[in-house]
Structures are given as structure tokens and as C-alpha cells.
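Breakdown of the fold
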Amino acid sequence: QHVTPFNPDIVGAPNPQAVEKVRRLQQMGYKVWIFTARQELQPVIRWSLDHGLDLPVTNTKRPQFAAIIDDRAIPADASTDDTIQRVEELKHEPK
């Protein structure tokens, strides 16, 4: 969940559906990372441990990533109309 206004020291509550996806991917043998845009990783590492996830954290894309799952991402292969619609939806969501 997004924290408004942005505070780099606070990471929002975990999304239960996202946690379930992470756990399922791990059960299938995937190594799951937290990929963040934050410069300071320590709050995210602490958050991961506090919520029992204990995931590696990075702010650098890595070639070995098979996919990046993000609540605000728009697939590059979406149609132009779908992309514009999703941008408009995200623009009005609380951050």
C-alpha cells in the first residue's frame, strides 16, 4: 500500500494478494526479489523481515530477472489505448 506523502523511511502495509503470489512463486522454485526505486534499501529490508518474507532487495534491474511484477506497471506490449487508459487510472489513484 502506498504511503502519502512519500516518506523514504516508511514502507506501506503488505498487499495480501502480493504476499500470496510471492509465496506461490517461491514454492515453485523461483527466487523472488524486492525491486524498489528507493535509494536507501534498509527500510525495505527491515519491512521484508518484519513481515516474515526475508527477501533479497535491490534497486538495480538484473538480467537474470525473468519478470518484474509491479502494482503500477503497464505492460510494454499493451495497446496504445490500454496504456493511456491505465495511465489515467493510475493518475487518479492515491499514491
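Presented here is a report on the structure given in the accompanying data block. (Residues numbered from 1 in each chain as written. Predicted model: local features only at pLDDT ≥ 70, side-chain atom pairs only at ≥ 80, totals over all residues. Heavy atoms only, no water.)

Looking at the packing of aromatic side chains
Where we set the bar: Side-chain rings of Phe, Tyr and Trp (the six-membered ring for Trp) are treated as a pair once their centres are within 6.5 Å; stacked means planes under 30 degrees apart, edge-to-face means over 60, and tilted covers the remaining angles. Working definition: helices are DSSP H or I runs of at least four residues, strands are E runs of at least two. Numbering for both runs from the N terminus. Remark: exposure states derive from per-residue accessible area (1.4 Å probe, protein chains only) relative to the maximum for the residue type, with buried under 20%, exposed over 50%, and partly exposed in between.
On inspection of all chains with the given rule, the structure shows 2 aromatic pairs. Considering the side-chain rings of F35 and F65, the 6.3 Å spacing of their centres and the 70° angle between planes classify their relative orientation as edge-to-face. One end of the pair, F35, is in strand 1 (residues 34-35); the other, F65, is in the loop between strand 2 (57-58) and helix 3 (80-92), with 30 residues separating them in the sequence. For F65, a relative accessible area of 19% puts it in the buried group.

A short note on the pattern of salt bridges
How we decide: Just to be clear on terms, a salt bridge is a Lys or Arg side-chain nitrogen sitting within 4 Å of an Asp or Glu carboxyl oxygen.
Summed over all chains, the structure comprises 2 salt bridges. Notably, a salt bridge pairs R86 with E89, separated by 3.1 Å at the nearest N-O pair. Here R86 and its partner E89 are both found in helix 3, 3 residues apart, which amounts to about one turn of the helix. Among the salt bridges present, the one from K91 reaches E88, with a minimum N-O distance of 3.3 Å. With a gap of 3 residues between them, K91 and E88 both fall in helix 3, about one helical turn apart.

Re unusual backbone geometry
Positive phi, normally seen in glycine, also occurs at D54, with a value near 45°. Counting through the fold element by element, D54 comes out in the loop between helix 2 (42-50) and strand 2.

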